[in-house]
Every structure is written in structure tokens, then in C-alpha cells.
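Okay, here's what each chain looks like letter by letter:
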Amino acid sequence: MEQENEDFKILTDYILSIKFMQRFDFIDFVDFDSIEDWAIQLINLGCENEAVCTLATFYKPINPDEIMPYLKRTFLELDLKEKEGDEAETCYARYHFNRVIKGEDVEINSFYAAIFCDGDGRKTHPDEELDFGVLSEIWLDMKDDADYWYKGVNISNIEQKVIEKAKWWLKNNPIS
């Protein structure tokens, strides 16, 4: 149950960061479908106000332009404060790293998280030479050449290396 609570907190923080991500033209990197999942979880937790119920009725794939007014209304009704700046970036990275450690689309989620977690002043892995951006790049190279390797990372172990680094990042950049 504790992991479910942490997953819900990570998802909530991610949802609260969506508007910030839109401002930076990262709309293609935002998982708007997660809004419906979040609304359903809120209902399951007993939050059944009109705004949340409306969010839960959207069908995937969700159109960002259609859902944003309802999401804003939900934030107002639930008195939730949207995330901004470094806090929003950390929430965005945390959401994607949480998906990485669960083995969900490891390559793409690692790429999305890398946008905001490498070289930004947050705690980074001691092996800074193999940051997430570098790992994303060499993963692409490995798709073209299965024999390609870099600093002990190859096609057979890159996913595990990314998962290990994501676990480290989550442990060292906890939810506040």
C-alpha cells in the first residue's frame, strides 16, 4: 500500500507540473492520458466532486486543449497548487524515472526524464560520464549497430544500467 501512495503522489506532482511543461513546448512529451488515470484514482480515494468526475470521463487519447480547462477547475476545487520551475522539472523527471524502474517503456521514459535531470544541480549519479542523455544517445547507436558498446554498456545490459541509475536518482531525489 505504501508504494501505491508514493506512486499516487508522484502522479499527482506530475499532473500539477503539466502546465509548466506546456510553456516550454514539451507538449509532445506530456502524458495527458495520465490525467484520466489520476482522476479515477481520486474517485477511488473518495474524492467525488464534479470536476474530478468530469476528468474521469475523458477517453484516451486525451486532447490537451479539451482537458486543460477541466484540469484547471479541478485544481481550483481541490485547492491544489501547480508546480513551477525546478520543482516542476523534478516532478516530471521523477514520474518518468518511476516508470523506468517499473520496466515501462524504459528507453523513452529515460529519454523524457533526461531532459530535466542531467547537469541541473540536482544530485546526479557518481558516474556522471554516463548520464541519462549519454545513455539515450548510445541506446540509439546500439539500435543501428548491435555490436556497439561504450564504457561497458552494450545492447544486452543498457536497459538494466538505465534502471539502476533511475533507482539511484529516485532514492537521492526524494519526494519532498
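Each remark here, short or long, concerns the structure printed above.
Residues numbered from 1 in each chain as written. Predicted model: local features only at pLDDT ≥ 70, side-chain atom pairs only at ≥ 80, totals over all residues. Heavy atoms only, no water.

> Could you clarify how one ought to interpret the overall build of the protein chain in this entry?
Counting secondary structure elements, the protein chain contains 9 helices and 2 strands. Going from the N terminus to the C terminus, the protein chain shows its helices and strands as α-α-α-α-α-α-α-α-β-β-α. Counting over 176 residues, the protein chain shows a buried share of 41%. In the protein chain, the share of contacts with a sequence separation of at least 24, taken over all contacts with a separation of at least 6, comes to 62%. (Helix = DSSP H or I, 4+ residues; strand = E, 2+ residues; numbered from the N terminus. Buried < 20%, exposed > 50% of the residue type's maximum accessible area, 1.4 Å probe, protein only. Contact = heavy atoms within 4.5 Å.)

> Is there a simple way to explain the packing of aromatic side chains in this structure?
For the structure shown, the criterion picks out 8 aromatic pairs. Each member of the aromatic cluster is reached from another via a ring pair, and the members are Tyr14, Tyr92, Tyr95 and Phe116. Taking the ring centre of Phe132 as reference, the NZ or CZ of Lys165 above it sits at 5.8 Å. (Phe/Tyr/Trp six-rings, centres within 6.5 Å; stacked < 30°, edge-to-face > 60°. Lys NZ or Arg CZ within 6 Å of the ring centre and 35° of its normal.)

> Explain the packing of helix α6 (residues 85-101) against helix α7 (residues 106-117) to me, please; I cannot follow it from the model alone.
Two quantities define a packed helix pair, namely the angle between the helix axes and the distance between the axes. The interhelical angle for the contact between α6 and α7, taken along N-to-C directions, is 160°, at an axis separation of 8 Å. Classified by the angle between their axes, α6 and α7 sit roughly antiparallel to one another. Relative to α7, the crossing made by α6 is left-handed. Note on element contacts: α7 touches α6 through Val106, Asn109, Ser110, Tyr112, Ala113, Phe116 and Cys117, opposite Glu89, Tyr92, Ala93, His96, Phe97, Arg99 and Val100. (Axes fitted to C-alpha atoms, helices over the stretch in contact; angles between N-to-C directions. Parallel < 35°, antiparallel > 145°, perpendicular 65-115°, else oblique. Left-handed = near helix turned anticlockwise from the far one by under 90°.)

> Honestly, helix α8 (residues 132-144) in this entry has me stumped. Any pointers?
Side chains three or four residues apart in an α-helix point the same way, a direct result of the helix having 3.6 residues per turn. Helix length check: α8, at 13 residues, gives a terminal C-alpha distance of 19 Å against a target of 18 Å (1.5 Å per residue), a fit within 8%. By the burial criterion, the buried members of α8 are Phe132, Leu135, Ser136, Ile138, Trp139 and Met142. Where α8 is buried, its residues contact α6, α7, β1 (149-150), β2 (153-154) and α9 (158-172). (Expected span 1.5 Å × (residues − 1).)

> What is the right way to look at the nonpolar core in this model?
The tendency in soluble globular proteins is for nonpolar side chains to be buried as a group. Counting 29 residues, the largest nonpolar core has Ile15, Phe32, Ile35, Trp38, Ile67 and Leu71 as its most contacted members. Broken down by element, this core gets its largest block of residues, 5 residues, from helix α1 (residues 2-15). Excluding its chain neighbours within four sequence positions, the residues that come into contact with Ile67 are Phe32, Ile35, Leu55, Phe58 and Ile62. Among the nonpolar cores identified, the runner-up in size contains 19 residues, and Val100, Cys117, Ile158 and Ile163 belong to it. (Core = buried A, V, L, I, M, F, W, Y, C linked by side-chain atoms within 4.5 Å.)

So, to be careful, I would describe these as geometric facts and stop short of saying anything about function.
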